[in-house]
Amino acid sequence: MEARSLSVPSEQYERLAALAAARGVTPEAQLARLIDDAYEGFDADAAATDDLPLGVCDADDEA
């Protein structure tokens, strides 16, 4: 895969930067992860509870 530039509108970049900060990575690394997940057909339902973002719980944990 070749490297390409991508422009992100400032409003979306702020959201991306906040998500990246919550996960302890750079905005560029978070964007690359999102693109990779979309490209590979990431199955969000299969995500382990430890991998979920802050404030999100596994639906199976509800009682």
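To be clear, the structure that these remarks concern was listed above.
Every value quoted in this text rests on a predicted model; they were computed, and no experiment measured them. (Residues numbered from 1 in each chain as written. Predicted model: local features only at pLDDT ≥ 70, side-chain atom pairs only at ≥ 80, totals over all residues. Heavy atoms only, no water.)

Comments concerning the overall build of the protein
Test applied: To qualify as a helix, a DSSP run of H or I must reach at least 4 residues; to qualify as a strand, a run of E must reach at least 2; elements of each kind are numbered from the N terminus. Shrake-Rupley sampling with a 1.4 Å probe provides the accessible areas, and residues are treated as covered by the protein chains on show and by no other component.
The helix and strand tally for the protein stands at two helices and zero strands. Split by element, the accessible area of the protein, about 5500 Å² in all, is 52% carbon and sulfur.

Looking at the layout of surface pockets
For the record, the criterion: For cavity detection a 1 Å grid was placed over the protein atoms alone, and a set of points counts as a cavity when a 1.4 Å probe fits there but cannot get out; an open set counts as a pocket when protein lies on both sides within 12 Å along at least five of seven lines, with lining residues being those that have an atom within 4 Å of a point. Grid points are joined across faces, edges and corners, and a volume is the space filled by probe spheres set on the points. Basically, the charged four are Asp, Glu, Lys and Arg, the nonpolar ten are Ala, Val, Leu, Ile, Met, Phe, Trp, Tyr, Cys and Pro, and anything else, Gly included, counts as polar.
Taken as a whole, the largest pocket encloses approximately 260 Å³ of empty space. What lines the largest pocket is a set of 10 residues, and nearest its centre among them are Arg4, Leu6, Leu31, Ala32 and Ile35. Within the lining of the largest pocket, the residues separate by chemical class into six nonpolar, one polar and three charged.

Considering helix α1 (residues 10-23)
Stated formally: For a helix, the expected span equals 1.5 Å multiplied by the number of residues minus one.
For α1, built from 14 residues, the straight-helix expectation of 20 Å at 1.5 Å per residue is met to within 8% by its first-to-last C-alpha distance of 20 Å. Positive backbone phi, at 75°, marks Gly24, one or two positions downstream of α1.

Remarks on the side chain of Gln30
Note the following rule: Only protein chains enter the accessibility calculation, which uses a 1.4 Å probe. A residue is then buried if its area is under 20% of the maximum for its type, exposed if over 50%, and partly exposed in between. Note on contacts: a residue pair is in contact if any heavy atoms of the two residues lie within 4.5 Å.
Along the chain, Gln30 falls in helix α2 (residues 27-40). The exposure class of Gln30 is buried, given its relative accessible area of 1%. Excluding residues that lie within four positions of it along the chain, Gln30 makes contacts with Leu16, Leu19, Ala20, Arg23 and Val25.

Quick notes on α2
Along its 14 residues, α2 runs 20 Å from first to last C-alpha, staying within 8% of the 20 Å computed at 1.5 Å per residue. Where α2 terminates, the next one or two residues include Gly41, which has phi positive at roughly 75°.

Some points on the environment of Leu16
For Leu16, the position within the fold is in helix α1. Residue Leu16 is classed as buried on the basis of its relative accessible area of 10%. Considering only alpha carbons, one finds Leu16 and Pro27, 11 residues apart in sequence, at a separation of 6.1 Å. Leu16 has contacts with Pro27, Gln30, Leu31 and Leu34, leaving out every residue within four places of it along the chain.

By themselves, these are just geometric observations and shouldn't be taken as functional.
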